[in-house]
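Below are the chains, spelled out letter by letter.
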Amino acid sequence: MQIIRSIDEMQKISLGLKQEGKKIGFVPTMGFLHKGHLSLVDSLRNRVDVVILSIFVNPTQFGVGEDLDQYPKNHERDIELCKDRGTDFVFIPKSEEIYGDRFSTFTIEEELTKCLCGSTRPTHFQGVTTICAKLFNICQPNMVALGQKDFQQVTVLKRMIKDLNFPIKVVVCDTMREKDGLAMSSRNSYLSPIQRRDALLLYKSIQRAVNLVDEGIVDSDQIKEEVLTILKCGKLIQVDYIEIVDKENLDPLNKITPNQSIIVLAVWIEKVRLIDNQII
Ligand code: PAF
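Parameters at a glance
- Residues numbered from 1 in each chain as written.
- Predicted model: local features only at pLDDT ≥ 70, side-chain atom pairs only at ≥ 80, totals over all residues.
- Heavy atoms only, no water.
- Core = buried A, V, L, I, M, F, W, Y, C linked by side-chain atoms within 4.5 Å.
- Buried < 20%, exposed > 50% of the residue type's maximum accessible area, 1.4 Å probe, protein only.
- Helix = DSSP H or I, 4+ residues; strand = E, 2+ residues; numbered from the N terminus.
- Contact = heavy atoms within 4.5 Å.
- Pairing = 2+ DSSP bridges.
- Right-handed = clockwise from strand over helix to strand, strands pointing away.
- Expected span 1.5 Å × (residues − 1).
- Arc of directions from axis to C-beta.
- Near = heavy atom within 4 Å.
- Polar contact = N/O pair within 3.5 Å; in protein donor to acceptor, adjacent residues only side chain to side chain.
- Areas by Shrake-Rupley, 256 points an atom, 1.4 Å probe, with all protein chains shown as cover.
- Nonpolar A, V, L, I, M, F, W, Y, C, P; charged D, E, K, R; others polar.

How would you sum up the nonpolar core? Please name residues and give values.
Core analysis: the largest hydrophobic core is formed by 31 residues, its most contacted members being M10, I52, F89, F91, F136 and V144. Elements with a minimum of two residues in this core: α1 (7-19), β2 (24-29), β3 (50-55), β4 (89-91), α6 (124-139), β5 (143-147) and α7 (151-163). Here this core takes 8 residues from α6, the largest share from any one element. Apart from the residues within four sequence positions on either side, F136 is in contact with F26, P141, V144, M160, I161, F166 and I168. Of all hydrophobic cores here, the second largest spans 24 residues; its members include L231, I244, V267 and L274.

Put into structure tokens, the structure is as follows:
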């Protein structure tokens, strides 16, 4: 496994691999890897010839007052995990090189980024699409693996890939959960034991929504109401949103449409923002 820190070198390697006819799989991450990230590597391993994983805490996707400075970091551990998982290249660029002098070009998706997380984090997705467009140009992937946990991110990136004709296939991997159901996230490391107890209510409330649909309830308001009741049991929880939307275009749905509806939620547990979702 090679660790590459320069953009030029990474791009030369990727273009060279493409010329040799090799298929490149790519896993973009912000590091502090967990089993969810590693499952993304696994999902590509047998589909491509070479797997590149990037580690870059992207400043442009953090809003003012968000956790950019505290974002957890452990490159040595990440590199060991990648080695064990059969990653071929780990790309760890420097912020000064990614966003060089007088950087002024952004990639903006204008429809799907207005709702859900985009309402409270208005510049977040523009940071995500910009860095991913840059990383795609640098790493030249044929396939990119993304986690279902960041469902809106997946939807936005799929749209960007389609709209801007990136020749990339997206592989979406299931959310990996801790034994108690908490969706894996690098941000879980911020949670104190008391906060973590409240965090479990996200999964519990989503399960309740699934059960209600199984019982034949199709009214979105009724389901959202029950989800809210469960989340309100968490003394430290402040709900950002609970929505049931169409999984392709994020339009709100009044009624559940089987396999087309997804329940998405975002909460604050004191200063920690967590998201989760489930297709219902
Ligand atoms: O999901 C993430 O970790 C980030 O948003 C991504 C896709 C690596 C872009 O910085």
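Next comes the rest of the account.
Now, about the pairing of β5: what can you tell me, with residues and values included?
The buried fraction of β5 amounts to 4 of the 5 residues, a majority that puts the element mostly inside the structure. Pairing of β2 with β5 involves 2 bridges; the strand directions are parallel. When the sheet's bridge partners are listed, F26 is paired in β5 with V144. Sheet topology note: the β5/strand β6 (residues 169-173) ladder contains 5 bridges and is parallel. Among the inter-strand pairings, G147 is bridged to a residue of β6, identified as C173. Since β5 and β6 lie parallel, the crossover through α7 that links them has a hand, and here it is right-handed.

Could you give an account of α1, with specific residues and numbers?
One turn of the α-helix equals 3.6 residues, which is why residues spaced by three or four share an orientation. In this model, α1 (13 residues) spans 18 Å end to end at C-alpha, consistent with the 18 Å of a helix rising 1.5 Å per residue. For α1, every residue scored as buried is listed here: I7, M10, I13, S14 and L17. Down the axis of α1, the smallest arc covering the buried residues is 135°, so these residues share one side. Summarising the geometry of α1, the exposed residues directed more than 90 degrees from the buried face are K12 and Q19. Elements that come into contact with the buried residues of α1 comprise β1 (2-4), β2, β3, β4, α4 (95-98) and α6.

I'd like to hear about the site of the ligand, residue by residue, with values.
In the vicinity of the ligand, the contacting residues are P28, T29, M30, N58, Q61, V128, I131, C132, D150 and Q153. A distance of 2.6 Å is found between an oxygen atom of the ligand and a side-chain nitrogen or oxygen belonging to Q61. Interatomic distance of 2.7 Å between a side-chain N/O atom of Q153 and an oxygen atom of the ligand. Within the complex, the protein chains bury 89% of what would otherwise be the 290 Å² of accessible surface of the ligand. Elements that contribute at least two residues to the shell around the ligand include exactly β2 and α6. Sort the elements by how many residues they give to the shell around the ligand and α6 lands first, with 3 residues. Considering only residue class, the shell around the ligand consists of 5 nonpolar, 4 polar and 1 charged.

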